[in-house]
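Letter by letter, the chains look like this.
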Amino acid sequence: MAHIIPSDISRHALRDDSNPEMATLRTLKKALPNDYTVFHNIHWSLEYDGWSHFGEIDFVVLNRSGRLLFIEQKDGPLKETEVGLEKEYRDGTKNPVDQLHRTIDKVRKKFQWQHGRERHLEVDYIVYLPDHHVRTVNGAGISAS
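### Observations regarding the overall build of the protein
Of the regular secondary structure elements, the protein holds four helices and eight strands. Taken from the N to the C terminus, the helices and strands of the protein come in the order β-α-α-β-β-β-β-β-β-α-β-α. The proportion of buried residues among the 145 residues of the protein is 37%. For the protein, the share of sequence-separated contacts (at least 6 apart) that also reach a separation of at least 24 residues comes to 54%. Accessible surface, the protein as shown: approximately 9700 Å² in total, 50% of it carbon and sulfur.

Shown next, in the form of structure tokens:
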């Protein structure tokens, strides 16, 4: 069974079937062996070019060899548009694939700032859309792989 961080997520919260992220976290915890750690709801920041950049990633899965998998989960309906997938929010639309790539880019920049340019952070990623069936891979803006 995978380790979950933050570790204070209650058993009650993990059993909450009305919260899709908790259901995913429960599945990851049960399905992955104890060689894995799953970080949930990770907030990041980066000061770059005089600006502070902030973001959040739903899940970061880490194995003992240091391999990382970022998972961005978007629940509910999405639209496939000419510019890719879009999720509607009260303040506008966002492209979850762009959000994930932005997060990966910023986290890599911060890693290199902290560890030197010769060090590279390899990140695999998944955009998990439990309520959406991709109709057109090009329209979704994701790799067929």
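### Let's talk about the pattern of salt bridges
One pass over the structure, following the stated rule, counts four salt bridges. In this structure, Arg67 engages Asp124 in a salt bridge whose closest nitrogen and oxygen atoms are separated by 2.6 Å. Of this pair, Arg67 sits in the loop between strand S3 (51-63) and strand S4 (68-73) while Asp124 sits in strand S8 (residues 123-128), and the two are 57 residues apart along the sequence. When its relative accessible area of 40% is taken as the criterion, Arg67 is described as partly exposed. Of the charged contacts, one joins Lys79 and Glu88 as a salt bridge, the two residues approaching to 2.4 Å between their closest N and O atoms. Overall, the relative accessible area of 44% leaves Lys79 in the partly exposed class.

### Observations regarding the environment of Tyr48
Locating Tyr48 in the fold gives a position in strand S2 (residues 36-48). Sequence separation of Tyr48 and Lys106 is 58 residues, and the distance between their C-alpha atoms is 9.1 Å. Not counting chain neighbours up to four residues away, the residues in contact with Tyr48 comprise His53 and Lys109.

### Quick look at helix H3 (residues 96-115)
For H3, which comprises 20 residues, the first-to-last C-alpha distance of 28 Å matches the rise-based estimate of 28 Å (1.5 Å per residue) to within 8%. Put simply, Asn95 is the residue that caps the front of H3, since its side-chain oxygen is 2.8 Å from the backbone nitrogen of Val97.

### Points about the nonpolar core
The biggest cluster of nonpolar side chains holds 14 residues, and the ones touching the most others in it are Leu68, Phe70, Leu100 and Val123. Listing elements by their share of this core, those giving two or more residues are S3, S4, H3 and S8. The leading source of residues in this core is H3, at four residues. Aside from chain neighbours lying at most four places away, what touches Leu68 is Val60, Val61, Leu62, Leu121, Glu122, Val123 and Asp124. Counting eleven residues, the second largest nonpolar core, distinct from the first, contains Met22, Val38, Phe59 and Val61.

### Details of the environment of His132
Tracing the backbone through its elements, the reader meets His132 in the loop between S8 and helix H4 (137-140). Here the alpha-carbon distance between His132 and Glu80, two residues 52 residues apart in the chain, equals 10.0 Å. Ignoring anything within four residues of it in the chain, the contact list for His132 reads Leu78, Glu80 and Leu85. One polar contact links His132 to Glu80, side chain to side chain, over a distance of 2.9 Å.

Cut-offs applied
Residues numbered from 1 in each chain as written. Predicted model: local features only at pLDDT ≥ 70, side-chain atom pairs only at ≥ 80, totals over all residues. Heavy atoms only, no water. Helix = DSSP H or I, 4+ residues; strand = E, 2+ residues; numbered from the N terminus. Buried < 20%, exposed > 50% of the residue type's maximum accessible area, 1.4 Å probe, protein only. Contact = heavy atoms within 4.5 Å. Areas by Shrake-Rupley, 256 points an atom, 1.4 Å probe, with all protein chains shown as cover. Salt bridge = Lys/Arg side-chain N within 4 Å of Asp/Glu carboxyl O. Expected span 1.5 Å × (residues − 1). Polar contact = N/O pair within 3.5 Å; in protein donor to acceptor, adjacent residues only side chain to side chain. Core = buried A, V, L, I, M, F, W, Y, C linked by side-chain atoms within 4.5 Å.

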